[in-house]
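The chain contents come next:
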Amino acid sequence: MKTMTDSATPLAVDTDFLPLEGTDYVEFYVGNAKQAAHYYMSAFGFQALAYAGPETGIKDRASYVVRQHKLTFMLTTPLRSNNEMADHIYKHGDGVKCLSLRVQDATKAWEETTKRGATSYMKPQRLEDKNGVVVMSGIHTYGDTVHLFIERKGYNGVFMPGYKAWSNPFFKPTDCGLLYVDHCVGNVGWNQMNKWVSFYEEVLGFKNILSFDDEDISTEYSALMSKVMSSGNGFVKFPINEPAEGKKKSQVEEYLDFYGGEGCQHVAMATNDIVKTVAELKSRGVEFLQVPTTYYDDLLERVGTIDEDLTPLKELGILVDRDNEGYLLQLFTKPVEDRPTLFFEIIQRKGATSFGKGNFKALFEAIEREQEARGNL
Ligand code: FE2
C-alpha cells in the first residue's frame, strides 16, 4: 500500500481556508420521495423531520427530510418533467445530488472555493423565517454531484426556512443506532482520480491521507484505485475511486455504466454497536454483501484480539480490519436501488482511522459474485 501518511492527522486549523464542521445533510434525487422517505424510515430507522413542497410554497418539488442522531437525509422528487431534477433522475436513476457541508460562513466558503477554481452551483442565498436565518451556497464536484455549504448558526427552526415540521403519529420506527456520516465515496471515470484529488486539494484545501493502487484493490478479475481526501480538520472524508484494468469489468466501471457517469458510490454511516445495528437492519429487510464463512477461519490471527464475540460477527457477516491505531468493523449493503449504483456502509471504529483495506479482497469477490449474477462481469 502506498500510504502517504499513516493516519488522518488533523492539520492546523488556522491554515484551513475552508473549515468544515461536518456533513450537514445528504440530498438524494429520487423518482418518488414519499416512498423513498418511508424506506429510509422503515428500513434504516430514520425519523420524519421536515417537509417542503407545494403546501409550503415550493412549487417544483417535494422534499422529505429524515434524521437519525446526526445523520440527516433529504429525499427530493420533481413534480414535473423537463427540469434539472427530472433530468438527473432520468440519467442517473435515484442517487446522491448534494453532499452538504456545515460551515460557519457559507458566503466565505463560496468565495474561497470559487476563487480557487470551483464552478458555482448556487451563489450565497439568505433564507429567513421567524426562527432565524440560514445561508447556503454551493459548488459543483464530480459528475452532476454538488457540495452545498450550509450556515445555520442561530437558526432555531426544525430544519431550514421553507420547510415545515413533518411527522406521522402512527409511524415512528425505532432507530437503528446510526449516528453520523463517516465518509462518502465518489466514483470517477478512467484517469480522472488525480484530477479530482487536485480539485479537493486546491479548491477545498483537503489532504490526500491514504492511497490504494490497483495491486492493493484487485482480485482475479476486477480492480480499482482509490485516494482518500480529508478536510483540514479531519471532519469530512471523501475517498475517490477510479476503475483499473482487470481481466473483467471493474465494479467502478459497472457503476459508471449504470449511473451514466461519475457520482457518489457509497455513504458510510457510523454506529457504536455494529452487531445491534446490523441485526436490526437485517430484520427490517436491508440486504448486505455476504462474504464466505471461511473469512472468519483466520480472522483473529489476522486482526488480533477484539472486544466482540466472533459468533454474532460470523452470523451477521460483519467484517473486521486493523490498522496501526486500532480496529474497525464494517459491512456493506447491496445497492439500494435497481441500478447497481449507490449503496451504504455501516462502520464502527474502535481506534482505526483507515477504511478496511484488509477486507478489500473478500469484499470485492463478493461484489463480483453479484456482478456476475447481473451479467455485468
Ligand atoms: Fe467506505
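Scroll up a little and you will see the structure.
Notes on the structure follow. Since this is a predicted model, take the numbers as computed values, not measurements.

1. Here we look at the environment of Glu308
When you line up the elements, Glu308 lands in the loop between α7 (299-303) and α8 (310-316). You can call Glu308 buried: its relative accessible area is 17%. Taking C-alpha positions, Glu308 is 28 Å from Arg67, a pair spaced 241 residues apart along the chain. With residues near it in sequence (within four places) discarded, Glu308 still touches Leu313, Tyr327, Leu329 and Lys350. Here Lys350 takes part through its side chain, which lies 2.8 Å from a polar atom of the side chain of Glu308.

2. Considering the pairing of strand β17 (residues 343-350)
Among the 8 residues of β17, 6 are classified as buried, and the element is accordingly described as predominantly covered. Here 5 bridges tie strand β14 (residues 263-271) to β17, and the two strands are oriented parallel to one another. When the sheet's bridge partners are listed, Met269 is paired in β17 with Ile346. As judged from the 5 bridges shared by strand β16 (residues 326-332) and β17, these two strands associate in the antiparallel manner. Across the sheet, the residue bridging to Leu329 is Gln348, located in β17.

3. Re the sheet that holds strand β3 (residues 61-68)
Read from one edge to the other, the open sheet built from 9 strands follows the order β6-β7-β8-β5-β1-β4-β3-β2-β9, with strand pairing classed as mixed. The outermost strands of the open sheet, each flanked by one partner alone, are β6 (120-129) and β9 (164-165). The sheet contact formed by β6 and strand β7 (residues 132-140) spans 7 bridges and is antiparallel. The residue of β7 that forms the bridge with Met122 is Gly138. Of the strands in this sheet, β6, β7 and β8 (146-151) touch helix α3 (residues 106-114), which is tilted by about 15° from β7.

4. A word on the coordination of the iron ion
Taken together, the protein ligands of the iron ion are His183 (NE2), His266 (NE2) and Glu345 (OE), with distances of 2.0 to 2.2 Å. Written as a sequence motif, the donor residues of the iron ion are H-x82-H-x78-E. Note that His183 is positioned in strand β10 (residues 178-187) and Glu345 in strand β17, a separation of 162 residues in sequence. A single burial state applies to His183 and to Glu345, both of which are buried.

5. Quick word on the packing of aromatic side chains
Throughout the structure, instances matching the rule amount to 27 aromatic pairs. Their ring planes at 50° and their centres at 5.4 Å tell us that Tyr200 and Phe206 sit as a pair that is tilted. We note that Tyr200, like Phe206, is buried. Where Phe212 meets Phe360, the ring centres are 5.3 Å apart and the plane angle is 80°; that geometry is what we call edge-to-face. Within this pair, whereas Phe212 is found in strand β11 (residues 207-212), its partner Phe360 is found in helix α9 (residues 360-374), the two being separated by 148 residues in sequence. As far as the burial class goes, Phe212 and Phe360 line up, both buried. Grouped by ring-pair contacts, the aromatic residues Phe28, Tyr39, Tyr40, Phe44, Phe46, Phe73 and Phe344 constitute a single cluster. We note Arg116 situated over the ring of Phe17; from NZ or CZ to the ring centre the distance is 3.4 Å.

Parameters at a glance
Residues numbered from 1 in each chain as written. Predicted model: local features only at pLDDT ≥ 70, side-chain atom pairs only at ≥ 80, totals over all residues. Heavy atoms only, no water. Helix = DSSP H or I, 4+ residues; strand = E, 2+ residues; numbered from the N terminus. Buried < 20%, exposed > 50% of the residue type's maximum accessible area, 1.4 Å probe, protein only. Contact = heavy atoms within 4.5 Å. Polar contact = N/O pair within 3.5 Å; in protein donor to acceptor, adjacent residues only side chain to side chain. Pairing = 2+ DSSP bridges. Axes fitted to C-alpha atoms, helices over the stretch in contact; angles between N-to-C directions. Donors = N, O, S within 2.8 Å, 3.2 Å for Na, K, Ca; no water. Phe/Tyr/Trp six-rings, centres within 6.5 Å; stacked < 30°, edge-to-face > 60°. Lys NZ or Arg CZ within 6 Å of the ring centre and 35° of its normal.

Coordinates in, geometry out; function isn't part of it.
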